[in-house]
Number of protein chains: 2
Amino acid sequence: MLRTKTCGELNISNVSEEITLSGWVQKNRDLGGMTFVDLRDRYGITQLAFNMHENSDLCEKARKLGREFVIQVNGEVIERSSKNTNISTGEIEIKVTELTLLNASKTPPFTIEDETDGGDELRMKYRYLDIRRAPIKENIILRSRVASETRKYLDARGFYEIETPYLIKSTPEGARDFVVPSRMNEGQFYALPQSPQTFKQLLMVAGMDKYYQIVRCFRDEDLRADRQPEFTQIDCEMAFVEQEDILNMFEGLTRHLLKEVKNVEVSDFPRMTYDEAMKMYGSDKPDIRFGMKFIEMNDVCQQNDFVVFDSAELVVGINVKGGSSFTRKELDTITDFVKTPQIGAKGLVYCKCNEDGTFKSSVDKFFSQEDLNNWADKCKSSAGDLILVMAGETEKTRKALSNLRLHLAEKLGLRNSDAFAPLWVLDFPLLEWDEETEKYHAMHHPFTSPKQNDIEKLDTDPSRVRANAYDLVLNGNEIGGGSIRIHDKDLQKLMFKHLGFTEEQAKEQFGFLMDAFEYGAPPHGGVAFGFDRLCAIMGGQESIRDFIAFPKNNSGRDVMIDSPANIDEEQLKELNIKLQK
Amino acid sequence: MLRTKTCGELNISNVSEEITLSGWVQKNRDLGGMTFVDLRDRYGITQLAFNMHENSDLCEKARKLGREFVIQVNGEVIERSSKNTNISTGEIEIKVTELTLLNASKTPPFTIEDETDGGDELRMKYRYLDIRRAPIKENIILRSRVASETRKYLDARGFYEIETPYLIKSTPEGARDFVVPSRMNEGQFYALPQSPQTFKQLLMVAGMDKYYQIVRCFRDEDLRADRQPEFTQIDCEMAFVEQEDILNMFEGLTRHLLKEVKNVEVSDFPRMTYDEAMKMYGSDKPDIRFGMKFIEMNDVCQQNDFVVFDSAELVVGINVKGGSSFTRKELDTITDFVKTPQIGAKGLVYCKCNEDGTFKSSVDKFFSQEDLNNWADKCKSSAGDLILVMAGETEKTRKALSNLRLHLAEKLGLRNSDAFAPLWVLDFPLLEWDEETEKYHAMHHPFTSPKQNDIEKLDTDPSRVRANAYDLVLNGNEIGGGSIRIHDKDLQKLMFKHLGFTEEQAKEQFGFLMDAFEYGAPPHGGVAFGFDRLCAIMGGQESIRDFIAFPKNNSGRDVMIDSPANIDEEQLKELNIKLQK
């Protein structure tokens, strides 16, 4: 036994116990007569005391301990004279009688502190040291707890976790696959799954009834910031269910996780349609921790000879509580923000609701005080508020205003990372027009069922066909999405046709699923959560990278193990491939 | 809601309830006045009753239902007149008032029964139908339960499940890797992990203290029977532990699983060294559900002018309880068995201990009744027993006799699949001589620590160096194995040297791990369980395939999805590879 206790558990009730601890040297303070060493392990920090007068050899030995040395000590728990009330072990220390060096350490390339001096590159190269830092360690532990609580919730409700294969078949549809050359099947390749979608549907056909899996997925995309080539999903599917059953089950899971992991009770779990979300927030994943809902203002803004408004498909505003105190400079900065290429708006109209009941707008030339009063009525603005208005083509304008809304919320501190506001967005469009290929493609995936009443529009007005598809949004991030699937072979065929698959293509890629649908497929549906994102948001952060033990960088490289790497000619030959020159 | 109850939960206490069920038509019996349909779902089977006189339309509709049709019914729970006491729902049936066809089914290619008429190929191609059969379904459920109970046990003991990457780096050492071409890093490849070994060691260096993961691993081997290119491990590692801590922790896990999943209490959890196991059973994974331990008989067998024995390094026998009743023909068959190429013995000597106290052996020419009596004393044989003796070079003879022992146990019904006999085998050799490369290689892996007292033999007598390595054996199968790792950089260097790595090779392949060892690696060790095998044995079966939802065949193919498959030229080009002609 290398320890009898951990560095996080001793307190005043343990005084006078003889114990053995092991851990890392966090800090070493030589005060002359006394030397104090902070010993750290996963569980906490315990202070070790060495007295020069009582045992000079031991004390000398302690003084030589460098940062991150691994040691074992025997000693007695004693009460501290000067207590530290910030940590649970702060009332005691260990009077050490024996010290064993288990392993020395070079000086680490960055400090193992909450706020480290290590840059990103260095932290990633020495990720095993980075994880020793409390913030990263806590993220990894949070992730583990979210997984564990997810399983507890689903296990208790009759779900079985079932593993699906990682070596599957490449499908050109959707994002790029990672592929794996098969040595035994010359010239052929496996693909790594982008999700277990078809397998979970097959498990429903197989009668497994309720399935889940916390599962790795792979996508060979050009990595945008904060995307990983391998990522984790909580993947779920249920048979003999309707949309309502699924929404209730996973609203329950979300409540459970927030309660058990964050001790947060979610009172409200609103639902809105995709159309409503776009109309009220200009986004299919609105952050509803704060207001600033969109107000459509065509009626009070148009026909005043202001051509920007008059020529616009949509005039839409938001009311910024207390925003009339923004300075001219602040308003200019905001206007510059909406004009940046990534937002792409032509301009921004503001109207300050002054404390004295008057209005000051950037379009005073065109709008009288009475006109502006109508704006304020429309926007339910009070004295001290600021109305911001944008105009133009509907979709683009909404998108720009949505960005502005989030930007302002950030500026005003309304995106509180301790608050959690989940939301279901329902009735997504089934199809999405792809400018590039000039074809419709499935907004979720080709197995999503259309709303029964909309099926006839597939031929006449495809973009208006709504799907039995839903997203779970948390704090402005899509953390999950799913749908009721098609379980009827003929409807699936129809869908493939509308997605531009020839019968041969559909058969080649999904023949086994369409075959399966001939043998008594039950009605079914499911959902998949982006597990990395869920953990990051629950941890109050926007970036997923520090919630993954060993992440890759934006070029898909693991800089710690230096991968990917070259492989030798022999290996390539065995795999029947060679490099293109 | 497509159902209010499942097909497994209704019984006499539900009589007169109005319920809705959904499921598959298992059986349809038209008895003229009455039609009975067995409705099946994951939870069980419930009988549906249709009365021709009361509702002829509905009854006609029911008669047309084919096998595996998916239906929904409303009706009343009523008491059956003729009860079936074999199933929990056997006292009731549903008097159906409404029947909805949810999906039709083609006639399945094999019967969905416990004993199916489907051959292996067909079952694999239509695995989603195969899983509907109770034996397969129960295996998949058992697997899910073993995983769930494993997590419960480890979570309760302070382990965190931490995900390690699947896209890692190829290491030529050991079995072949599957590799994944990187599109973004031209000419370079990721590898899929054969195990998370190095990452779990890095997590210990990172201070995570107790790690586990139920994780997929990949090995591109020529598949022997019952091997899969992707398989699952319960992978565990602990810091600040000695071997004893690990043995206790995972003996506890094994007890927990057998108790919770099989309701079996394991009384005894013996340990033996590798040397003892080889001496007593000729195997490092002895099946100790039964006796027939080896008895070394050189002293009573040699120097009797029987040259086969006299020239042998080892003469070794087993006592077969009650085996004297074997006929001459049976003995011939057994002798033929040991002479088959896979056993490779030259012959077998037997000695029957007759009921009258005399002996009848196949070597009566050389051995007197008194000699044979000595054999019987040595083997503690009683009247009615049979002594079987083999002789030759020690290792080969032990191996052959071990095979014979298992063969006889099978024949005599001693390998009871409801009995569970776990065993730790300890003190494995560190190194193994490889005839082919004429080099020593690591018996477990290159990170296994040698016994402190044996380190000096690394130079003088490498084959005699024992490792802090252990295997967990269950019913004659290795279900887990592990070791205390090397945490000292210098010792790790020494090991690489003895394994024939140049410093450059070691650095290139494991440099990051050796670097990590410079920054305060704690003493650590762990274990990995073969999860597929563990599930199969707990399910009382030898083959792992039916404990995997979607297994591959012996050529590494998934015949259901028809994978691996060709990929198009475009994709190859993007990946910067081409096929060898």
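The model shown is predicted, which means the values in this text are computed figures rather than measured ones.

Reading the values: the criteria
- Residues numbered from 1 in each chain as written.
- Chains lettered and ligands numbered in written order.
- Predicted model: local features only at pLDDT ≥ 70, side-chain atom pairs only at ≥ 80, totals over all residues.
- Heavy atoms only, no water.
- Helix = DSSP H or I, 4+ residues; strand = E, 2+ residues; numbered from the N terminus.
- Buried < 20%, exposed > 50% of the residue type's maximum accessible area, 1.4 Å probe, protein only.
- Arc of directions from axis to C-beta.
- Axes fitted to C-alpha atoms, helices over the stretch in contact; angles between N-to-C directions.
- Parallel < 35°, antiparallel > 145°, perpendicular 65-115°, else oblique.
- Left-handed = near helix turned anticlockwise from the far one by under 90°.
- Contact = heavy atoms within 4.5 Å.
- Least-squares fit on C-alpha atoms with pLDDT ≥ 70 in both.
- Patch = residues over 30% accessible without salt bridge, like charges linked within 9 Å, V, L, I, M, F, W, Y side chains within 5 Å.
- Areas by Shrake-Rupley, 256 points an atom, 1.4 Å probe, with all protein chains shown as cover.
- Salt bridge = Lys/Arg side-chain N within 4 Å of Asp/Glu carboxyl O.
- Lys, Arg positive; Asp, Glu negative; His and termini not counted.
- Charge placed at Lys NZ, Arg CZ, Asp CG, Glu CD.
- Disulfide = S-S within 2.5 Å.
- Polar contact = N/O pair within 3.5 Å; in protein donor to acceptor, adjacent residues only side chain to side chain.
- Domains from an automatic or database assignment.
- Buried area = accessible area lost by both parts, 1.4 Å probe.

Some points on the overall build of chain A
Now for step 1: Regarding its fold elements, chain A presents 17 helices and 23 strands.
Now for step 2: Out of the 581 residues belonging to chain A, those deemed buried represent 59%.

So, helix H11 (residues 369-378) of chain B
Since the α-helix advances by 3.6 residues per turn, residues separated by three or four positions end up pointing in the same direction.
Residues and elements named next belong to chain B.
Now for step 1: Along H11, the residues classified as buried are Asp371, Leu372, Trp375 and Ala376. Down the axis of H11, the buried set is contained in an arc of 145 degrees. They therefore lie on one face. Away from its buried face, by an angle of more than 90 degrees, H11 presents the exposed residues Glu370 and Asp377.
Now for step 2: Among the residues trailing H11, lysine 380 stands out with phi positive, at a value near 50 degrees.

Focus: the packing of helix H4 (residues 134-156) of chain A against helix H6 (residues 243-262) of chain A
Residues and elements named next belong to chain A.
Now for step 1: Following both chains from N to C, one finds H4 and H6 inclined at 135 degrees, their axes separated by 9 Å at the closest point. Taken together, the axes of H4 and H6 are oblique relative to one another. Crossing of H4 against H6: the hand is right-handed. Listed contacts from H6 to Leu142, Arg145, Val146, Glu149, Thr150, Tyr153 and Leu154 of H4 are Asn248, Met249, Phe250, Gly252, Leu253, His256, Leu257, Glu260, Val261 and Lys262.

A closer look at the relation of the copies chain B and chain A
Put simply, the second copy of the chain is the first one after a rotation about an axis and a shift along it.
Now for step 1: Of the transformation superimposing chain B on chain A, the axial component is 0.0 Å and the angular component is 180 degrees, with the fit at an RMSD of 0.1 Å. These values place the two chain copies in the arrangement generated by a two-fold rotation axis.
Now for step 2: Taken as a fraction of all interface residues of chain B, those also at the interface in chain A reach 100%, which identifies the copy contact as same-surface.

Let's talk about a negative patch on the surface
Now for step 1: On the surface, Glu113, Asp114, Glu115 and Asp117 of chain A cluster together into a patch of negative charge.
Now for step 2: Within the element layout of this structure, aspartate 117 of chain A appears in the loop between strand E5 (92-103) and helix H2 (120-125).

Looking at the state of the cysteines
Now for step 1: The tally for this structure, following the rule as stated, stands at 0 disulfides over all chains.
Now for step 2: Counting only cysteine sulfurs, cysteine 351 of chain A is the nearest neighbor of cysteine 353 of chain A, a cysteine outside any disulfide, at a range of 5.0 Å.

Notes on the side chain of aspartate 558 of chain A
Now for step 1: Among the secondary structure elements, aspartate 558 of chain A is positioned in the loop between helix H16 (531-538) and helix H17 (569-574).
Now for step 2: The charged side chain of aspartate 558 of chain A is buried without a salt bridge, its nearest counter-charge being lysine 552 of chain A at 5.1 Å.
Now for step 3: Engagement of the side chain of aspartate 558 of chain A in a polar contact is seen with the backbone nitrogen of methionine 560 of chain A, the distance being 2.9 Å.
Now for step 4: Dropping the residues within four chain positions of it, aspartate 558 of chain A is found in contact with Lys552 and Ser563 of chain A together with Phe199 of chain B.

Considerations on helix H14 (residues 489-498) of chain B
All names here are of chain B.
Now for step 1: Buried residues of H14: Lys489, Leu491, Gln492, Met495, Phe496 and His498, and no others.
Now for step 2: Each element contacted by the buried residues of H14 is listed here: strand E18 (431-434), strand E19 (439-442), helix H13 (457-460) and helix H15 (503-516).
Now for step 3: Of the residues flanking the start of H14, the one acting as N-cap is aspartate 488, its side-chain oxygen 3.1 Å from the backbone nitrogen of aspartate 490.
Now for step 4: Taken from the residues just after H14, glycine 500 is the one with a positive phi, measuring 80 degrees.

Description of the domain arrangement of chain A
Now for step 1: On domain assignment, one finds that chain A holds domain 1 (12-103), domain 2 (141-271 + 422-547) and domain 3 (290-411).
Now for step 2: The straight-line distance from the C-alpha centre of domain 1 of chain A to that of domain 2 of chain A is 52 Å.

A short note on the interface of chain B and chain A
Now for step 1: On the chain A side, the residues contacting the 122 residues of chain B number 122 residues.
Now for step 2: Taken together, both faces of the contact between chain B and chain A bury some 11100 Å²; the carbon and sulfur share is 57%.
Now for step 3: It is Arg42, Phe240 and Tyr519 of chain B that lose the most area in chain B upon contact with chain A, and together they represent 8% of the buried surface on that side.
Now for step 4: Seen at the junction of chain B and chain A, the total is 16 salt bridges.
Now for step 5: With a closest N to O distance of 3.8 Å, glutamate 518 of chain B and lysine 106 of chain A form a salt bridge.
Now for step 6: At the junction of chain B and chain A, the tally comes to 75 residue pairs in polar contact (both at pLDDT 80 or more).
Now for step 7: Looking at the side of chain B that touches chain A element by element, the count peaks at 8 residues for helix H4 (residues 134-156) of chain B.

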